[in-house]
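Fold and geometry: a report
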Amino acid sequence: MSTAFLHPPFDTLERQHQAVSFGVWLFLVSEVLLFSGLFAGYGVYRELFPAGFLAAGRHTDIVFGTANTAILMSSSFTIAVAGRAARADLGRMAWWLLVVTFGLGVLFLVLKGFEYREDIANHLLPAPAFAVPVPGAQIFFSYYWIMTSVHAVHVTCGLIAVGRLIVISRNNLAWLSGSASEDATALYWHLVDVIWIVLYPLLYLVGRAHG
Amino acid sequence: MSDTTFVPAPPLDYLHDGATLKSWLLTTDHKRIAILFGLSITFFFFIGAVAISIVRLELLTPAGDLVSDDTYNKMFTIHGIVMVWFFLIPSIPATFGNFLLPLMIGAKDLAFPRINLLSWYLYIGGAAFTVLTLILGGVDTGWTFYTPYSTMFSNSSVLTAAMGIFVVGFSSVLTGVNFIATTHMLRAPGMTWFRMPLFVWAMYATSLVMVLATPVLAMTLLLIMAERWFDLPIFDASRGGDPLLFQHLFWFYSHPAVYIMVLPAMGVASEILTCFARRRLFGYSFMVYALVAIAVIGFFVWGHHMFVSGQSAYANVVFSFLSFMVAVPSAIKVFNWTATLYRGSISFDAPMLYIFGFMGLFTIGGLTGLFLATVPIDIHVTDTYFVVAHFHYIMVGGSVSAFFGALHFWWPKITGKLYPERLARFAAITMFVGFNLTFFPQFVMGYLGMPRRYHVYPPEFQVYHVLSTCGAAVLGVAYILPLFYLIWSFRNGARASSNPWNAKGLEWQTPSPPPHENFLTPPIVEQPYDYQPADIAGGRDAR
Amino acid sequence: MSGFRYSLPEASHNAGQVDFAFAAVLSIALAIFITLLVLIIVFAVRYRRGAPASHAPLPKLLSREIEIGWTVATTFLAIFTFWWFVGGMGLPPRDAPNQLEIHVVAKQWMWKTQHPEGAREIDALHIPVNRQIRLVMTSQDVIHSFYVPAFRLKQDVLPVRSTELVFTPTELGTFHLFCAEYCGTQHSRMTGEITVMTAAGYRAWLHKQPHGDSLVREGENLFDKFGCGACHSTQSQVHAPKLDRVFGSVVVLQDGRQVRADEAYLKKSILDPRADIVAGYAPIMPAYGQYADAGDVEAIVAYLKTLPKQGGKP
């Protein structure tokens, strides 16, 4: 490995890689706490309004939700394989896998957009004409909108990071294996995926067990 | 003097390594970023000070005759927001922490220099929203943003104010991530965990709190903004929401935030005390455990802000117990500092005077915390001036005193210049006197029932308010004085050697001001605080 | 400058306790503080630079023992203080038999109080001495806090929910009432006066008050005005829960939970009837939050507590 990727405060590339992934892990802990504030509130209100949450949960669109879950999990897979490929000096393949990851991420956001449009058409914005007349349902949907939109912001940030990898490595495939950026981006992307996997049952599966 | 190590044609120091504005605004040097932070927080310190001056002047008389009630409410709100988020929280970490952490562990820079610069830009982004809030007419919710007032009733610029704090929160998180990663990854050979200066430990503990608590605040503010903007029912009791949930989330951050402000001060105190007492720190390892214990227990005491909120009596008892427990490590620290003085060789330079002030005022702040942890007493004094006095003793008496101590102690290292010692001692003593005159009367009137955030008040409390306002005037002088003589010193002061205090610690092994990558030769790591009183002229060693 | 306050009357049953606790914690704090202060001053003088004093290091074993010693001592002191002052005094007092229940509605920026016989006051409250008072409080808008320094008592007042304050005034006189939770523009003007009178004086005062409807009567009127009886009376054909002896009963809800029908539950059921649907009933009742203000709801609940009336309507 060349030292072209070594940045000032570090003396060895290995240490630098360790530091980057350690730093990203710390940041991810912080991100988890960001969402945990929402999860805590969700938990409290679900306890207070079990009926409202069950009723409201049936109004989210499980088709979009499930499709998006599949998409995001696939993208996590492709970015993980991209990392392996980069380390195995299959630079071109890694690059294309990143492009696929990016595409899946965009697809996720597009579907989310269609889902939002449908939700709005179905009067699922917490407002006077709200569609589910059960107490607590509006609170459920407040959490639905906030959680999914904060998550969408994270997907967007992830897309920017993945896009950055794609652009930089387009003519410089060695950079993918040499710099710590691919690892860091993949870690972040996995977090985005993991958070969605928590959101999916909270928002889409709740209330559906009873048919 | 120990700075006789030979220096071949010294490279430019960080202050002169590039003179253009661009070389400052795009710098990744932690020392320059520390200076950028230093200037920004000084600006906000004076905004906060102007706001509170208006409040204190208004309170000279019981009637609301100087400003309107709305203006008064906006002034104490902006004072709180600015002082907490734009001064105190970044004060020691983002300036001295930024400057010293890499130096103290023998690193060339923080682990992520560009992220460090991003922290400053995020701070400036948050600051811009805060200034925008002022331009739009201010915000009147109090720094605590209690719902449903902030979400449904206030007519002021809640959105921009909350947005400013939301953004500046990410600055804290990134600084914390950077500090933790640096401490783990970039310690010089020989710098083991238990050889690190207490200041580095303090930064480490502070960073943990920043990384874990700040995001919860960010989310809480986001909920406030969403609720206000889109009329969501999350905290709206009439639609099933729970305003107390907001208080729980808010204090889950804002109590640990107190430790973000005071842990760094404890680190500073340990550095300065040992240097001017020429003494090893008494109970080093206990000091480390105490720091970490405060940071950890501090996460579980938030409910003591809510004893009268309507939370259950049992929750009150549990939170009360935990609050008593967090007092133990704080007390241990004060005992250890005191014991450090024993058999020392103490000199009374300005930094040491500030730290004596810190010890006294922090102790009073901590001990009055016991009253507030005791549920029946808290029920009486919470939301009165007793609480105001208590947290100012911790946050101003403690943290700000230590901040000024640090400013004087490391000034020669940061600027390469000496400050005028006699003026500095005068300022330190004035600050101590002014502080007590301002805040001690507030304990008394608080116990007598004077509620906080009152624009008009019953005349029987006037004597205390007049004393307090006089004290604030003295305090104002004490804060402005260093501004002038430090600027003078920066321009005209005598050159400082690399180690004017004859202090231990790696930061003193490099020239003042340090060069771009900090060390010309790899620093030599010793036991921490390896001071020998005997090597000071005039001291007489018993052995 | 008209007079200045240097002491605070102890005008309720618990004021003395709070002052005692304060004095005790103060002595502990002072003992610690003075010890530290003396040590710091003595060390600072004795070990000042240039003074002839020993600088020898402490034996490691000794410093370790000192360290463990004061850690343990401080921990025990903290636990002891907690146990003494919180364990014993942290819980609210028990109900007395002749308790006087007064309803308080807080709004920006005034206190409205109502006595059981119907007398109403604004920013004032007259109460008899040595009789246990229960304040049932709610807010019409934001969070306020009912604070009477002379009683050493404070309780936040929340929208929709009720909070309570139980105390016994023990001293005659007029005392400050403050709003202690910041509530907006005129927060500092949301003050009032608590007048503690003799039992006879209180009866005479009540007698002189305009004979407004009592809270219960007012509740009954509102009950009629809103047409509650159309569904909830025993004669009604509509399938709705009957309200005789509803207060204090245990209600089984649709989702299987059991709740006690206390004031908070009744209030919530009026404002937000679909929150807790009683098992076996359809959720057909509209929410009355937009028609009834906080005071109305207080009154209706007070009326519901009296059901069934002998020969009364429902």
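Here the structure is a predicted model, which means the values were calculated and not measured.

**Quick notes on the overall build of chain A**
The secondary structure content of chain A amounts to seven helices and zero strands. For chain A, the succession of helices and strands along the chain, N to C, is α-α-α-α-α-α-α. Overall size of chain A, expressed as C-alpha extent along the three principal axes, is 65 × 30 × 25 Å. By the burial criterion, 40% of the 211 residues in chain A qualify as buried. In chain A, of all internal contacts separated by at least 6 residues, the share reaching a separation of at least 24 is 78%.

**Examining the overall build of chain C**
A tally of regular secondary structure across chain C gives seven helices and 12 strands. Rg of the C-alpha trace for chain C: 28 Å, well past the compact-globule value of 20 Å for 314 residues, more than 25% over. Once the C-alpha set of chain C is aligned to its principal axes, its extents read approximately 100 × 55 × 40 Å. Counting the 314 residues in chain C, one finds 34% classified as buried. When contacts within chain C are restricted to residue pairs at least 6 apart in sequence, long-range pairs at least 24 apart make up 67% of them.

**Some details on the sheet that holds strand S1 (residues 100-107) of chain C**
Residue and element names in this part refer to chain C. An order of S3-S2-S1-S5-S8 is seen for the five strands of this open sheet, with the pairing classed as mixed. Edge strands, defined here as strands with exactly one partner in the open sheet, are strand S3 (120-122) and strand S8 (163-167). Between one strand axis and the next, the sheet turns through 20 degrees on average, direction left out of account. Examined bridge by bridge, S1 and strand S2 (residues 110-114) share five bridges and lie antiparallel to one another.

**A short note on the packing of helix H4 (residues 113-135) of chain B against helix H6 (residues 158-185) of chain B**
All names here are of chain B. It is the contact of H4 with H6, at a shortest axis distance of 8 Å, that shows an interaxial angle of 165 degrees. With respect to each other, H4 and H6 are oriented roughly antiparallel. The element H4 and its partner H6 pack so that their crossing is left-handed.

**Section: the pairing of S2 of chain C**
All names here are of chain C. Hairpin connection of S1 to S2: two residues between the antiparallel strands. Relative to S3, S2 runs antiparallel, the two sharing three bridges. Paired with Lys112 across the two strands is Ile122, which belongs to S3. The hairpin formed by S2 and S3 contains five residues between the paired strands, and Gly118 there has a positive phi angle of roughly 115 degrees.

**Considering the interface of chain A and chain B**
Each partner contributes to the interface: chain A provides 27 residues, whereas chain B provides 32 residues. Contributions of two or more residues to the side of chain A that touches chain B are made by helix H1 (13-48) and helix H5 (137-169) of chain A. Here the element with the most residues in the side of chain A that touches chain B is H1 of chain A; it accounts for 16 residues.

**Considerations on the interface of chain B and chain C**
Listed per partner, the contact involves 77 residues of chain B and 74 residues of chain C. At the level of secondary structure, the elements contributing two or more residues to the side of chain B that touches chain C comprise helix H3 (69-105), helix H5 (149-153), helix H10 (313-341), helix H11 (350-373), helix H12 (375-381) and helix H15 (462-492) of chain B. In terms of residue count, H10 of chain B provides more of the side of chain B that touches chain C than any other element does, 15 residues in total. In terms of residue class, the side of chain B that touches chain C is made up of 45 nonpolar, 23 polar and nine charged.

**Side note on the pairing of S1 of chain C**
Regular strands have side chains that alternate between both faces of the sheet. Residues and elements named next belong to chain C. Counting buried positions over the eight residues of S1 gives six, a clear majority of the element. The sheet contact formed by S1 and strand S5 (residues 133-139) spans seven bridges and is parallel. Residue Leu100 lies in a different strand from S5, and its bridge partner there is Ile133.

**Description of the sheet that holds strand S7 (residues 153-157) of chain C**
All names here are of chain C. Pairing is mixed across the open sheet formed by five strands, whose spatial order is S4-S10-S9-S6-S7. Looking at which strands have only one partner, the edges of the open sheet turn out to be strand S4 (124-128) and S7. Each adjacent strand pair in this sheet contributes to an overall mean axis angle of 20 degrees, direction not counted. One ladder, built from five bridges, connects strand S6 (residues 144-148) with S7; its direction is antiparallel. Note on S7: the bridge partner recorded for Val148 is Leu153. Helix-sheet contacts for helix H3 (residues 199-208) involve S4 and strand S10 (192-197), and the interaxial angle to S4 is about 135 degrees.

**Some points on the environment of Val148 of chain C**
Residue and element names in this part refer to chain C. With respect to the helices, strands and loops of the structure, Val148 is situated in strand S6. For Val148, a count of 27 C-beta atoms within 10 Å puts it in the buried group. Separated by 149 residues in sequence, Val148 and Val297 place their C-alpha atoms 25 Å apart. Those residues in contact with Val148, other than ones at most four positions away along the chain, are Leu153, Phe175, His176, Leu177 and Ile194.

**As for the nonpolar core**
Membership of the largest hydrophobic core comes to 318 residues, with the highest contact counts inside it found for Leu263, Ala269, Leu291, Ile355 and Ala402 of chain B. Setting aside its immediate chain neighbours within four residues, Ala269 of chain B contacts Trp337, Ile355, Phe358, Met359 and Ala402 of chain B.

**What about the packing of H10 of chain B against H11 of chain B?**
The angle between the axes and the distance between the axes are what describe a pair of packed helices. Residues and elements named next belong to chain B. Packing of H10 against H11 brings their axes to within 10 Å, and their N-to-C directions diverge by 160 degrees. As the angle between them shows, H10 and H11 are arranged roughly antiparallel. By crossing handedness, the relation of H10 to H11 is classed as left-handed. Taking contact as the criterion, the partners of Ser320, Ser323, Phe324, Ala327, Ser330, Val334 and Trp337 in H10 are, on H11, Met359, Thr363, Gly366, Gly369, Leu370 and Ala373. Across the contact of H10 with H11, the residue classes tally to seven nonpolar, six polar and no charged.

**Remarks on H4 of chain B**
At 3.6 residues per turn, the α-helix brings residues three or four places apart onto the same side. All names here are of chain B. Over its 23 residues, H4 extends 33 Å from the first C-alpha to the last, a length consistent with the 33 Å expected when each residue adds 1.5 Å. Those residues of H4 not exposed but buried are Pro113, Asn116, Leu117, Ser119, Trp120, Tyr123, Gly126, Ala127, Thr130 and Thr133. On its buried side, H4 packs onto helix H2 (30-58), H3 and H6. Phi for Gly137, located one or two positions after H4, is positive at around 110 degrees.

**Considerations on unusual backbone geometry**
Residues and elements named next belong to chain B. Cis geometry is found at the peptide bond from Thr147 to Pro148, where omega equals 0 degrees. Here Pro148 is to be found in the loop between H4 and H5. Between Ser512 and Pro513 the backbone carries a cis peptide bond, its omega angle lying at -15 degrees. Even without being glycine, Arg453 reaches a positive phi, approximately 60 degrees.

**Concerning the environment of Leu58 of chain C**
Residues and elements named next belong to chain C. Its place among the elements puts Leu58 in the loop between helix H1 (15-46) and helix H2 (60-87). Residue Leu58 is classed as partly exposed on the basis of its 14 C-beta neighbours within 10 Å. Note: C-alpha distance between Leu58 and Leu307 (249 residues apart in sequence) is 78 Å.

**Remarks on the confidence of the model for chain C**
Residue and element names in this part refer to chain C. The predicted model of chain C has a mean per-residue pLDDT of 85, with 94% of residues at 70 or higher. For chain C, the element scoring lowest by mean pLDDT is helix H5 (residues 229-232), at 80; S6 scores highest, at 96. Throughout residues 310-314 the model reports pLDDT below 50, and contacts reaching past four residues in sequence, or to other chains, amount to 10 contacts. The ipTM value of the predicted complex is 0.92, and its pTM value is 0.88.

**Comments concerning the environment of Met137 of chain C**
Residue and element names in this part refer to chain C. Looking at the secondary structure, you find Met137 in strand S5. Residues Met137 and Trp111 lie 26 residues apart in sequence; the distance between their C-alpha atoms is 10.0 Å. Dropping the residues within four chain positions of it, Met137 is found in contact with Val104, Ala106, Phe146, Gln155, Val157, Ser162, Thr163, Glu164 and Leu165.

**Some words on H15 of chain B**
If you check H15 of chain B, its first and last C-alpha atoms are 45 Å apart, about what 31 residues at 1.5 Å a residue would give, namely 45 Å. Turning to H15 of chain B, its buried residues are Gln462, Tyr464, His465, Ser468, Gly471, Ala472, Leu475, Ala478, Pro482, Leu486 and Ser489 of chain B.

About the thresholds
- Residues numbered from 1 in each chain as written.
- Chains lettered and ligands numbered in written order.
- Predicted model: local features only at pLDDT ≥ 70, side-chain atom pairs only at ≥ 80, totals over all residues.
- Helix = DSSP H or I, 4+ residues; strand = E, 2+ residues; numbered from the N terminus.
- Buried ≥ 20, exposed ≤ 12 C-beta atoms within 10 Å, placed from the backbone.
- Contact = placed C-beta atoms within 7 Å.
- Rg over C-alpha atoms; globule rule 2.2 N^0.38 Å.
- Pairing = 2+ DSSP bridges.
- Axes fitted to C-alpha atoms, helices over the stretch in contact; angles between N-to-C directions.
- Parallel < 35°, antiparallel > 145°, perpendicular 65-115°, else oblique.
- Left-handed = near helix turned anticlockwise from the far one by under 90°.
- Nonpolar A, V, L, I, M, F, W, Y, C, P; charged D, E, K, R; others polar.
- Core = buried A, V, L, I, M, F, W, Y, C linked by C-beta atoms within 7 Å.
- Expected span 1.5 Å × (residues − 1).
- pLDDT = per-residue confidence, 0-100.

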